Amino acid sequence: MVLVKGADTEIIEYLLHAEREVCEVVKVTDQYPELTVADAYVLQKKLVHRKIVEGSKRVGVKLGLTSKAKQQMMGINEAIYGYLVSDMLALEWEPVKYDQFIHPKVEPEIAFLMGEDLQGTNITAEDVMKATKYVTPALEVIDSRYLNFKFTLPDVIADNCSSARFILGSKWVDPMRVDLAKVGMVMSKNGEMATVGTGAAVLGHPASAIAWAVNKLGMQNEGLKKGDIVLSGALSEAIAFQTGDSIIAQFDGLGSVSMFCK
Ligand code: 0L1
Ligand code: MG
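Overview of the structure. (Residues numbered from 1 in each chain as written. Chains lettered and ligands numbered in written order. Predicted model: local features only at pLDDT ≥ 70, side-chain atom pairs only at ≥ 80, totals over all residues. Heavy atoms only, no water.)

### So, the environment of Pro 33
Turning to step 1, where the next piece is worked out: When you line up the elements, Pro 33 lands in the loop between helix 2 (28–31) and helix 3 (37–53).
Turning to step 2, where the next piece is worked out: Exposure remark for Pro 33: the relative accessible area of 57% places this residue in the exposed category. (Helix = DSSP H or I, 4+ residues; strand = E, 2+ residues; numbered from the N terminus. Buried < 20%, exposed > 50% of the residue type's maximum accessible area, 1.4 Å probe, protein only.)

Structure (structure tokens):
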């Protein structure tokens, strides 16, 4: 860790304060330019631990930067992962409140519900599929705490990968019954088509993306637990939304998931 003693606590407080007070902040690497990706994952873990100490429950894992386009934009060749906690879960039938966000965007994803624990450093997409009980369409609201949604890789990892909320569809499907790489998706805003994508946009196959994350977690002696929800990565770019907007993402063979912003 390149950080001086006590700086980790200071950074975590800084990011939690930005989230609680709904205010964007200057990115961490402006003050700590030597922050590495490994340091950032340590900070992320401590930040999530703070949320858990304060009463949230760990409910799963999310992947980010899973599309080649996003990776190229950031000049990287690897995805990132963060954690989902209980107070990020929003419900389809309850509007999300715009004033709880800084500059939110929403993106369509396929969520996996794990039917078994999964841990290791040699995990394949097939292992992920076997350990999955159901898949369902999901919307992820991302809301970077950083000024103008701009950050470096260590910044975004420390900020738990911009996580804010996620919404799950109500239809749960056996993952073996759908070719997840071929699933087509259309996301609309206020009845107008906004983005399209396919499951293959997520590192070739959403289960491959999850296998990557499990192998990363495995190196830290961690893994997925039975009952975990995993957001496997966006099928298209994220779109901004405002009060009064309604979003629906329709996935071939999986159904749809929607969100209204109040
Ligand atoms: O879930 C995501 O793909 C977001 C990861 C962080 C990058 C971003 O905020 O755009
Ligand atoms: Mg996402």
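### As for a nonpolar patch on the surface
Turning to step 1, where the next piece is worked out: Side chains of Tyr 14, Val 26 and Leu 147 sit close together on the surface and give an oily, nonpolar patch of about 230 Å² of accessible area.
Turning to step 2, where the next piece is worked out: In this structure, Tyr 14 sits in helix 1 (residues 7–21). (Patch = residues over 30% accessible without salt bridge, like charges linked within 9 Å, V, L, I, M, F, W, Y side chains within 5 Å. Areas by Shrake-Rupley, 256 points an atom, 1.4 Å probe, with all protein chains shown as cover. Salt bridge = Lys/Arg side-chain N within 4 Å of Asp/Glu carboxyl O.)

### Topic: the site of ligand 1
Turning to step 1, where the next piece is worked out: Taken together, 13 residues form the shell around ligand 1, and within it Lys 62, Gly 64, Glu 107, Glu 140 and Ser 162 come nearest.
Turning to step 2, where the next piece is worked out: Take Lys 70: an N or O atom from its side chain is 3.3 Å from an oxygen atom of ligand 1.
Turning to step 3, where the next piece is worked out: A distance of 2.9 Å is found between an oxygen atom of ligand 1 and a side-chain nitrogen or oxygen belonging to Glu 140.
Turning to step 4, where the next piece is worked out: When ligand 1 sits alone it has 300 Å² of accessible area, and the protein chains cover 95% of it.
Turning to step 5, where the next piece is worked out: Judged by the proximity of its atoms to the pocket grid, ligand 1 belongs to the largest pocket.
Turning to step 6, where the next piece is worked out: Elements supplying a minimum of two residues to the shell around ligand 1: strand 1 (58–64) and strand 5 (132–142).
Turning to step 7, where the next piece is worked out: Here the shell around ligand 1 is composed, by residue class, of seven nonpolar, two polar and four charged. (Near = heavy atom within 4 Å. Polar contact = N/O pair within 3.5 Å; in protein donor to acceptor, adjacent residues only side chain to side chain. 1 Å grid on protein atoms, 1.4 Å probe; cavity = no way out; pocket = protein on both sides within 12 Å on 5 of 7 lines; lining within 4 Å. Sits in = over half its atoms within 2 Å of the grid points. Nonpolar A, V, L, I, M, F, W, Y, C, P; charged D, E, K, R; others polar.)

### Description of the layout of surface pockets
Rolled over the atoms, a probe sized like a water molecule indicates the empty space that remains.
Turning to step 1, where the next piece is worked out: One number sums up the size of the largest pocket: a volume of about 570 Å³.
Turning to step 2, where the next piece is worked out: Leu 65, Lys 70, Met 73, Ile 142 and Phe 151 are, among the 29 residues lining the largest pocket, the residues nearest its centre.
Turning to step 3, where the next piece is worked out: If you list the elements that add at least two residues to the lining of the largest pocket, you get strand 1, helix 4 (68–74), strand 4 (105–114) and strand 9 (229–234).
Turning to step 4, where the next piece is worked out: A per-element tally of the lining of the largest pocket places helix 4 first, with four residues.
Turning to step 5, where the next piece is worked out: Its residues placed into classes, the lining of the largest pocket shows 15 nonpolar, seven polar and seven charged.
Turning to step 6, where the next piece is worked out: Taken together, 17 residues make up the lining of the second largest pocket; nearest its centre are Glu 19, Arg 20, Lys 51, Asp 87 and Arg 165.
Turning to step 7, where the next piece is worked out: Among the secondary structure elements, those contributing two or more residues to the lining of the second largest pocket are helix 1 and strand 6 (163–168).
Turning to step 8, where the next piece is worked out: The dominant element in the lining of the second largest pocket, judged by the number of residues it contributes, is helix 1, at three residues.
Turning to step 9, where the next piece is worked out: Of the residues contributing to the lining of the second largest pocket, the split by class is seven nonpolar, two polar and eight charged. (Points joined across faces, edges and corners; volume = space filled by probe spheres on them.)

### Points about the side chain of Ser 144
Turning to step 1, where the next piece is worked out: Along the polypeptide, Ser 144 turns up in the loop between strand 5 and helix 6 (153–158).
Turning to step 2, where the next piece is worked out: Looking at Ser 144, its side chain comes within polar contact range of the main-chain nitrogen of Tyr 146, at 3.0 Å.
Turning to step 3, where the next piece is worked out: Leaving out residues up to four positions away in the same chain, Ser 144 has contacts with Ile 102, His 103, Phe 149, Phe 151, Asp 159 and Ser 162. (Contact = heavy atoms within 4.5 Å.)

### Some remarks on unusual backbone geometry
Turning to step 1, where the next piece is worked out: Despite not being glycine, Leu 65 shows a phi value in the positive range, around 50°.
Turning to step 2, where the next piece is worked out: Counting through the fold element by element, Leu 65 comes out in the loop between strand 1 and helix 4.
Turning to step 3, where the next piece is worked out: Here the phi dihedral of Ser 162 falls at roughly 65°; this positive angle occurs in a residue that is not glycine.
Turning to step 4, where the next piece is worked out: Mapped onto the secondary structure, Ser 162 falls in the loop between helix 6 and strand 6.
Turning to step 5, where the next piece is worked out: Looking at Ser 162, the relative accessible area reads 4%, which means it is buried.

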